[in-house]
Structures are given as C-alpha cells and as structure tokens.
Amino acid sequence: GYIESASVFLTPAERENLPYAVALFPYMQAVRFFADYINGDTYYHIQFADHNLVRTKAQYKFYQETCKAEPEMKAYISTLI
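These numbers were taken from a predicted model, which means no experiment stands behind them.

Scoring rules and cut-offs
- Residues numbered from 1 in each chain as written.
- Predicted model: local features only at pLDDT ≥ 70, side-chain atom pairs only at ≥ 80, totals over all residues.
- Heavy atoms only, no water.
- Helix = DSSP H or I, 4+ residues; strand = E, 2+ residues; numbered from the N terminus.
- Rg over C-alpha atoms; globule rule 2.2 N^0.38 Å.
- Buried < 20%, exposed > 50% of the residue type's maximum accessible area, 1.4 Å probe, protein only.
- Contact = heavy atoms within 4.5 Å.
- Areas by Shrake-Rupley, 256 points an atom, 1.4 Å probe, with all protein chains shown as cover.

A word on the overall build of the protein chain
Thinking step 1. Within the protein chain, the regular secondary structure consists of five helices and zero strands.
Thinking step 2. Against the 2.2 N^0.38 benchmark of 12 Å for 81 residues, the protein chain shows a C-alpha radius of gyration of 16 Å, more extended than a compact globule.
Thinking step 3. Reported as C-alpha extents along the three principal axes, the dimensions of the protein chain are approximately 45 × 25 × 20 Å.
Thinking step 4. The buried share of the protein chain, taken over its 81 residues, is 25%.
Thinking step 5. Long-range pairs, those at least 24 residues apart, make up 46% of the contacts in the protein chain with a sequence separation of at least 6.
Thinking step 6. Surface exposure of the protein chain reaches about 5,800 Å², of which carbon and sulfur atoms provide 61%.

Next comes the structure, spelled out in structure tokens:
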C-alpha cells in the first residue's frame, strides 16, 4: 500500500533505493545489538548471557537474505509504480 500511495511523490532515486532501505534496517539493528553486546549489555534488556550476540546474528542473517532478494524486490516494486 505504501508504494502505491507514495509513488506520486517519491523521486526516481528514492524509488530505486527502496530495496536498499529494506536491507539497511536489519543491518543497523545488527550493529546496535553487537555494540550493546561488546559494551556490556547496558541498553537492551537481555534474558541470557549472549542474548545480544544471538540477536546480532539473527539480524545479520536477515540482512543477508534481504540483499539476496534485491532483484526480486526491484522487480516487484516496478510492477507497483
């Protein structure tokens, strides 16, 4: 729904970078979890000793999967615009 509504105001560069934005968020979250892990788990509440490390690995895996899916995301977005 967002793309259909936003297509009237998104610039071509913004449209082109939508898949990049999808990958950016799990990457940023992985960095944040890892930073908290190496800084002693002071920001995110943890339930076990390596919780933020587990979170880091999960978010990084999600990032890798979004990168692999970039061509498919671009193709799908082009059908909506």
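So, the environment of Ala30
Thinking step 1. Considering the arrangement of structural elements, one finds Ala30 in helix α3 (residues 18–38).
Thinking step 2. Judged by relative accessible area, Ala30 falls into the buried class, the value being 5%.
Thinking step 3. For Ala30 and Ala13, which are 17 residues apart along the polypeptide, the C-alpha to C-alpha distance reads 26 Å.
Thinking step 4. Setting aside residues up to four positions removed in sequence, Ala30 forms contacts with Thr56, Gln59 and Tyr60.

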